[in-house]
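Summary of the model geometry
Residues per chain, in single letters:
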Amino acid sequence: MTKLETTLATLLADIGTFYEPKKWHFLTVNGIDLGEGKIELQWIFSKYGVKDEIVIYYALSDYETPVPSLVSLIPSAFMGEREIVDMFGLKVDGAERGLYLDEDSLQHPLRSES
Amino acid sequence: MKKTIQIPLGSQHISLLEPIRFKFECENEKIIGVDADVGFVHRGVELACTRSFEFKQVGYVVARVCGLCAITHSLSYTLAAEKLLGYEANDRIKYLRMLMVELDRIHSHMLCLAHTAENAGFEALFMQIMADRELVMDLQEAISGNRVQFDFIAIGGVNRDLTPELTALIHKNLTLLSEKIDALIGLFNNNWSLSLKYKGVGVLRLEDAYTYNALGPLARAAGLATDVRVETSDFPYEDIGYTMILESTGDIHARNFVRLREIVNSIAMCRNIADNLPAGEILEKTKGKPKGEAVVRVEAPRGELFYLVRGNGGNMLERVRIKTPTFSGIPAMMEVFKSSEYADAPAILASFDPCMSCTAK
Amino acid sequence: MIWIWIAFAPILGGLVYGGERVLRARMQRRQGPPFLQPFYDMFKLLDKRTLIVHAPHALLAVAHFFALWFSVAAIFLGWNLLYIVFLHLFAQIVLILAGYSVRSAYSHLGANRELLMLVAYEPILILVAVGFYLVSGSFDIAQIVRGGGYLAQMPLLFIALLMIVPIKVKKSPFDVGEAHQEIVGGVEIEYSGMFYEFLYMARFLEYIFIYSFVFIFAGVSYALGAALVAGVFLLVNLVDNATARVHTMHMVKIIYAVAMSLAIANILWIVL
Amino acid sequence: MKFFTSFRKKSPWILHYNAGSCNGCDIEILAALGPKFDLERFGVINTGNPKQSDIFLVTGPVTYRSRERLVELYSQIPEPKVVIAVGSCTTTGGVFRGMYNVEDGIDQYIPVDVYVPGCASTPQLIIDAIVKALEILENKSKEIEKPFKLFGSVETIGNKLSRLNMAKRVKHD
């Protein structure tokens, strides 16, 4: 498992140079609430056909900063992005609420204060 | 005049085991657009794992995420927790865990095959596969005490041991089963109406499999060689005779065939395990509290199951992230539905073996 | 005497259906329901509260049932074969209208498929009637069953008829109109209680209707007729348990390509 | 009518709805329909159409999104009908009790006649429950769930009383 730090501003460029569809399997987007309004976002990849090779890009952010969407690079990323929108109430370009919770729901269950 | 009609499928429909709602935009019966709503089963397990349950209980809670692959859920969580505790299981535990995971894979694949047959309108085949599947269910009941939702895996080992009588039963039932699977392979290959229904229907091309990150049998049917069983070193799968099954056409027929041949492979592996079971304790004491971050990938019947567990040294965990196979399979699924017939939709859907309770957690 | 047969036609069909359910279960290595299960279902449906979408919709089911019963009665009375085929067509049209008259998408799809089924099997039925006319010199069933030797003269027409039997009794591979896993019963979906019962009993009459077509192929020999019906019954169930459902378009193509050409070839053979 | 009442228990058609279960119980229902357990012995058909069903088999603890469908399906089944709650989480919420998107059991929303314990319920238990449900189905009258009119003179008091008695006569065990 390798962890690489990135920022939301450079995310698209970083992933764009790193990701090759035939080499890397995109797993999911993950969010971890660190408390006090801070949140750690992770983009997780694994390599096809190689043992135990997992790469996690992570970036620190807060609830308000919009998160860039990876859909232009990885079309299947929309599911994970919709999930973090629902679960943390983040803003992701092009992803709406309503995957699990209602569209107008005020919940964001995985935030630490809720 | 409006040219299209909107056909709903779900959330309650006879061809669905679970609530998922599709809205197919159809021209006559040709699908031109799909909209899916997958949130019917959302319960909030991820939150409950960190708020309501202690880390020792979480293994039994995450098993309830999905009834079909319960064992892989509790296995992945347990592996992650054991990594955080710095504990390494002995060989006997590893082999027993592999045995149950492979048995679970056999019964899950058979259910999927039966369900695909039923949705293609082949009731007798459904009944036949369900009858054969009972052999595995009996085995699971004998080994673990329950037919589904067997809480077999605990942190530090497994809850039940294998006795010589059980080994004999495994051999007996699996021998019977492998004959029946051979018969099924012939049937799936040769039946004329099944070939109309399955061959060339619901095709996922290899490029699409790469683009949409397909996984599990779905990807292997399209020719994408990925299997978590060889991409992790948690279990010695190579030692017990694992081979990767690949097909190239990516249609329903190929997916069924990947499943059928994986069942054959799993039967061989189970018999190997039963023969070469190492000696050792089956449940060991673990000390300490989970601290740090661990990721685990396990090959569930539907594909890769991913757990990320983070603990802070307390009884309660900080974060349990569950990424289930169907969750990643949905983008590829939606792609396949386009430009196929509505009459095929239930069979295509069943051939993906979607698990909504996994997806929505 | 014949009126008693007509009055008991639905019950006879129910017995056939009950026997078929037991047979199918045995073929699938199950015990299966009791033999009289269709009648239990009928009585239970009478006891259920009826929900009606709108009055014509309910009425059309009743009309479908009685039109079918009438065409079956016409067969028993030995009327004109063409007349019977068109009476049956009328019954089906009524059912299709019922399917289009509600807003359920499944019902519409079911009605579409019923129409395509009609397109598939109706020409064969007419060609069978024409074949009987060419051989026996009359469209009247009363006349036809006095003759014999139809099997020898129209074997290909008999095969064509065999191919449409699964469509009529809604069996694989041609059970597209019902297709529970796809459209949940199609036109039946919005019916409940007593009005569903009419559709349920209409199914019994369909059995009688199509199997009497098989029966008259034997002509004067009733024993041969019974044997033919039993043979076809077994064959249809065997095929049902060995095939998946095909697409509606596949069905139409298969029927047109195979059954239709067989039927036409047979008629040309008789004429020339 | 008295004559038809006795046939209710001979032809129970089931409707199955998953209200957010882990699908452990659902596959056991499928297994119960399969050859080894063969529910069709009792005349059971899995109709998938609420308008033609008698027995409502529900699994799952009722999630927030599925509750409306649950009530809708229940109200679409014509009288007389029986509801079976299959599995621990369906009866009480089970392991999911108290999770934020879960409503703790289906009896919060619809009346339940038979509770089936077990996680997951075995096919044997499900068959038992259906046989139990058949007795209840036979005793149920389709009159009892008619809405009572409090005002208005459509019904006489005697009628109302007799319907009350009928409601009391329905045995639940």
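Scroll up for the structure.
Quick summary incoming for the structure in this document. (Residues numbered from 1 in each chain as written. Chains lettered and ligands numbered in written order. Predicted model: local features only at pLDDT ≥ 70, side-chain atom pairs only at ≥ 80, totals over all residues. Heavy atoms only, no water.)

**So, the overall build of chain D**
In terms of regular secondary structure, chain D is built from 6 helices and 5 strands. Its helices and strands taken in sequence order, chain D reads α-β-α-β-β-α-β-α-β-α-α from the N to the C terminus. Contacts spanning at least 24 positions in sequence make up 77% of the contacts within chain D whose residues lie at least 6 apart. For chain D, the accessible surface area stands at approximately 6,900 Å², while carbon and sulfur atoms represent 57% of it. (Helix = DSSP H or I, 4+ residues; strand = E, 2+ residues; numbered from the N terminus. Contact = heavy atoms within 4.5 Å. Areas by Shrake-Rupley, 256 points an atom, 1.4 Å probe, with all protein chains shown as cover.)

**Side note on the overall build of chain B**
Check the secondary structure of chain B and you find 14 helices and 8 strands. With respect to the three principal axes, the spread of C-alpha positions in chain B is 70 × 45 × 35 Å. Evaluated residue by residue, chain B yields a buried proportion of 71% over its 361 residues. Long-range pairs, those at least 24 residues apart, make up 70% of the contacts in chain B between residues at least 6 apart in sequence. Accessible area of chain B: about 10,500 Å², with a carbon and sulfur share of 49%. In chain B, the 40 positive side-chain charges and the 45 negative ones have mean positions that sit 5 Å from each other. (Buried < 20%, exposed > 50% of the residue type's maximum accessible area, 1.4 Å probe, protein only. Lys, Arg positive; Asp, Glu negative; His and termini not counted. Charge placed at Lys NZ, Arg CZ, Asp CG, Glu CD.)

**Notes on the arrangement of the chains**
Here 5 pairs of chains are in contact, and chains B and D lead that list by number of contacts. The two units chain A and chain C never meet; even their closest C-alpha atoms stay 25 Å apart.

**Considering the interface of chain B and chain D**
Counting residues at the interface gives 40 residues for chain B, matched by 38 residues for chain D. Roughly 3,200 Å² is buried in total at the junction of chain B and chain D, and carbon and sulfur atoms are behind 63% of that figure. The three residues of chain B that bury the most area against chain D are B:Gln12, B:Leu17 and B:Arg43, which together make up 21% of that side's buried surface. Seen at the junction of chain B and chain D, the total is 3 salt bridges. Notably, a salt bridge pairs D:Lys36 with B:Asp138, separated by 3.1 Å at the nearest N-O pair. Counting only elements with at least two residues in the side of chain B that touches chain D, the list comes to α1 (45-51), α4 (91-119) and α5 (123-144) of chain B. With 8 residues, α5(B) is the single largest residue contributor to the side of chain B that touches chain D. Along the lines of polarity and charge, the residues of the side of chain B that touches chain D split into 21 nonpolar, 10 polar and 9 charged. (Buried area = accessible area lost by both parts, 1.4 Å probe. Salt bridge = Lys/Arg side-chain N within 4 Å of Asp/Glu carboxyl O. Nonpolar A, V, L, I, M, F, W, Y, C, P; charged D, E, K, R; others polar.)

**Focus on the pattern of salt bridges**
Counted under the stated rule, the structure contains 48 salt bridges over all chains. Notably, a salt bridge pairs B:Glu102 with B:Arg105, separated by 3.2 Å at the nearest N-O pair. Of this pair, B:Glu102 and B:Arg105 are both found in helix α4, 3 residues apart, which corresponds to roughly one turn of the helix. There is no split in this pair, since B:Glu102 and B:Arg105 are both buried. Where B:Arg147 meets D:Glu28, a salt bridge forms, and the shortest distance between an N and an O atom there is 2.8 Å. Residue B:Arg147 is located in the loop between α5 and β4 (153-154), and its partner D:Glu28 is located in helix α2 (residues 24-33); the two belong to separate chains. Each member of the pair, B:Arg147 as well as D:Glu28, is classed as buried. When salt bridges with common partners are traced through the structure, they connect B:Glu102, B:Arg105, B:Arg220, B:Asp227, B:Arg229, B:Glu262 and B:Glu299 into a single cluster.

**Description of the side chain of B:Arg147**
On the basis of relative accessible area, B:Arg147 is assigned to the buried category, the value being 1%. Here the side chain of B:Arg147 touches B:Glu134 through a polar contact of 3.1 Å, side chain to side chain. Among the polar contacts listed, one links the side chain of B:Arg147 to the side chain of D:Glu28, at a separation of 2.8 Å. For B:Arg147, the contacting residues outside a window of four places in its chain are B:Glu134, B:Met137, B:Gln140, B:Glu141, D:Glu28, D:Ala31, D:Phe37, D:Thr122 and D:Pro123. (Polar contact = N/O pair within 3.5 Å; in protein donor to acceptor, adjacent residues only side chain to side chain.)

**A short note on the sheet that holds strand β2 (residues 24-35) of chain A**
All names here are of chain A. Spatially, the 4 strands line up as an open sheet ordered β1-β4-β3-β2, and their pairing is mixed. Strands with a single pairing partner mark the edges of an open sheet, and in this sheet they are β1 (2-5) and β2. Mean inter-strand twist for the sheet, computed between neighbouring axes without regard to direction, equals 25°. (Pairing = 2+ DSSP bridges. Axes fitted to C-alpha atoms, helices over the stretch in contact; angles between N-to-C directions.)

**Digging into the interface of chain D and chain A**
Interfaces are often sized by the amount of accessible area the parts lose when they come together. Contacts between chain D and chain A engage 4 residues on the former and 8 residues on the latter. Ranking the residues of chain D by area buried against chain A places D:Tyr64, D:Arg65 and D:Tyr100 at the top, with a combined share of 89%. Counting the contacts that link chain D with chain A gives 0 salt bridges. Viewed at the interface, chain A and chain D are joined by 0 residue pairs in polar contact (both at pLDDT 80 or more).

**A short note on helix α5 (residues 123-139) of chain D**
All names here are of chain D. For α5, spanning 17 residues, the distance from its first C-alpha to its last is 25 Å, which sits close to the expected 24 Å at 1.5 Å a residue. Turning to α5, its buried residues are Pro123, Ile126, Ile127, Ala129, Ile130, Ala133, Leu134, Ile136 and Leu137. Turning to α5, the residues buried within the fold contact α2, β3 (55-59), β4 (82-86) and β5 (114-116). (Expected span 1.5 Å × (residues − 1).)

**Description of the environment of B:Ser108**
All names here are of chain B. Inspection of the secondary structure assignment puts Ser108 in helix α4. A relative accessible area of 0% means that Ser108 is categorised as buried. In sequence terms Ser108 and Gly67 are 41 residues apart; their C-alpha atoms lie 9.9 Å from each other. What Ser108 contacts, discounting residues up to four positions off in sequence, is Leu68, Pro301, Arg302 and Asp353.

**As for the nonpolar core**
If you look at the biggest cluster of nonpolar residues, it comprises 201 residues, and the most contacted ones within it are A:Trp43, B:Phe24, B:Tyr342 and D:Ile84. Per-element tally for this core: the top contributor is α4(B), with 14 residues. In contact with B:Tyr342, not counting residues within four places along its chain, are B:Ile7, B:Pro8, B:Leu9, B:His13, B:Phe24, B:Cys26, B:Glu29, B:Ile31, C:Tyr106, C:Leu109, C:Glu182 and C:Ile183. Counting 88 residues, the second largest nonpolar core, distinct from the first, contains C:Ala129, C:Leu157, C:Ile164 and C:Phe209. (Core = buried A, V, L, I, M, F, W, Y, C linked by side-chain atoms within 4.5 Å.)

**Examining the sheet that holds strand β8 (residues 317-323) of chain B**
Residue and element names in this part refer to chain B. Read across the open sheet, the 3 strands follow the order β6-β7-β8; overall the sheet is antiparallel. Of all the strands in the sheet, just β6 (291-300) and β8 have a single pairing partner and so form its edges. Ignoring strand direction, the axes of neighbouring strands in this sheet form an average angle of 10°. Judged from the 10 bridges that link them, β6 and strand β7 (residues 303-312) form a sheet pairing that is antiparallel. By the bridge assignment, Ala294 is partnered in β7 with Val309.

**Re the pairing of β2(A)**
All names here are of chain A. A large share of β2 lies buried, amounting to 11 of its 12 residues. Where β2 lies against strand β3 (residues 38-47), 10 bridges are found, and the strand directions are antiparallel. Looking at the pairing, Gly35 lines up with Lys38 of β3.

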